[in-house]
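# Chains, contacts and geometry: an overview
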Amino acid sequence: MSDFKPDGWPTLIPRLFSPDVAGAVAFIKHVFGATGEARAAAPAELRIGEAMVMVSDGAGPRGEHRAFLYVYVPDADAAHAKAVARGARTIEAPLDTPYGDRRAMVEDPWGNIWQIATRTRGAS
């Protein structure tokens, strides 16, 4: 263990709050290939590649908060399709950006916004 954080954990970890932790965890695992599980009485700790995201129950004094996350995946079109199949609403259909990402944007069933991107070949 390091002096200030658990070994293997990044310094910054996004945390989502949801009234349906199990559903949000299932969505993130299905769409983004995350690993990890929902846990009773503790936040879910999910890994997406080298990144980590926590998912917690929105009940209590913290309430629910929405997030806006940018996630790189191997295939933005496929991840977008998976998100929509799991109830996400398309905000931006997959498109090629001038800065080299193929990107889509969805709102998940809990109100979080996900920009889903794949770096295109030859982009700098």
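One structure accompanies this document, and this report is about it.

Parameters at a glance
- For every chain, the first residue of the written sequence is number 1, and numbering continues from 1 onward in sequence order.
- At least 70 in pLDDT is required for a residue's local features to be given in this predicted model, at least 80 for side-chain atom pairs to be given and counted, and no such filter applies to totals for whole chains, interfaces and linings, which use all residues.
- For side-chain calculations, the full set of non-hydrogen atoms in the structure is used, while hydrogens and water are omitted.
- For the purposes of this entry, the term helix denotes a DSSP run of H or I that reaches at least four residues, the term strand denotes a run of E that reaches at least two, and both are numbered from the N terminus.
- We call two residues in contact when some of their heavy atoms are within 4.5 Å.
- Put simply, a salt bridge is a Lys or Arg side-chain nitrogen that is within 4 Å of an Asp or Glu carboxyl oxygen.
- Relative accessibility thresholds used throughout: buried, under 20% of the residue-type maximum; exposed, over 50%; partly exposed, between the two (1.4 Å probe, protein chains only).
- Within this scheme a cavity is a closed region of a 1 Å grid, computed over the protein atoms alone, that accommodates a 1.4 Å probe without allowing it to escape, whereas a pocket is open but has protein on both sides within 12 Å along at least five of seven lines; lining residues each have an atom within 4 Å of a point.
- Grid points are joined across faces, edges and corners, and a volume is the space filled by probe spheres set on the points.
- A pair of aromatic rings is counted whenever rings of Phe, Tyr or Trp (Trp by its six-membered ring) have centres within 6.5 Å, and the orientation is called stacked for planes under 30 degrees apart, edge-to-face for over 60 and tilted otherwise.
- Strand pairing follows a simple DSSP-based rule, namely that at least 2 bridges must link the two strands.
- Every axis corresponds to a line fitted to the C-alpha atoms, with the helix fit spanning only the stretch in contact, and the corresponding angles, defined between N-to-C directions, vary from 0 to 180 degrees.

## Let's talk about the environment of Val 31
Position of Val 31 relative to the elements: it lies in helix α1 (residues 21-32). Taking C-alpha positions, Val 31 is 5.6 Å from Ala 83, a pair spaced 52 residues apart along the chain. Contacts of Val 31, omitting those with residues within four sequence positions, involve Ala 79, Lys 82 and Ala 83.

## Quick word on the pattern of salt bridges
Under the criterion given, the structure shown has seven salt bridges. For Glu 45, the salt bridge goes to Arg 39, with nearest N and O atoms at 3.1 Å. Owing to a relative accessible area of 28%, Glu 45 belongs among the partly exposed residues under this scheme. Owing to a relative accessible area of 39%, Arg 39 belongs among the partly exposed residues under this scheme. Note that Asp 101 and Arg 119 form a salt bridge whose closest N and O atoms lie 2.8 Å from each other.

## As for the layout of surface pockets
Of the pockets and cavities examined, the largest pocket occupies roughly 380 Å³. Lining of the largest pocket is provided by 21 residues; of these, Phe 32, Ile 48, Val 71, Tyr 72 and Val 73 occupy positions nearest its centre. For the lining of the largest pocket, the secondary structure elements donating two or more residues are α1, β3 (51-57), β4 (68-72) and α2 (76-85). For the lining of the largest pocket, the leading source of residues is β4, giving four residues.

## Details of the packing of aromatic side chains
This structure, assessed with the given rule, holds three aromatic pairs. Here Tyr 70 and Tyr 72 contribute two aromatic rings whose centre-to-centre distance is 5.5 Å and whose plane-to-plane angle is 65 degrees, an arrangement assigned as edge-to-face. Overall, the relative accessible area of 34% leaves Tyr 70 in the partly exposed class.

## Considering the sheet that holds β4
Here four strands make up an open sheet; going across it, the order is β4-β7-β6-β5 and the pairing mixed. Only two strands of the sheet have a single partner each, and these edge strands are β4 and β5 (89-96). Taken over all neighbouring pairs, the strand axes of this sheet differ in orientation by 15 degrees on average, direction set aside. Bridge analysis of β5 against strand β6 (residues 101-107) gives five bridges, and the strand direction is antiparallel. From the neighbouring strand, Arg 89 faces β6, where its bridge partner is Glu 107.

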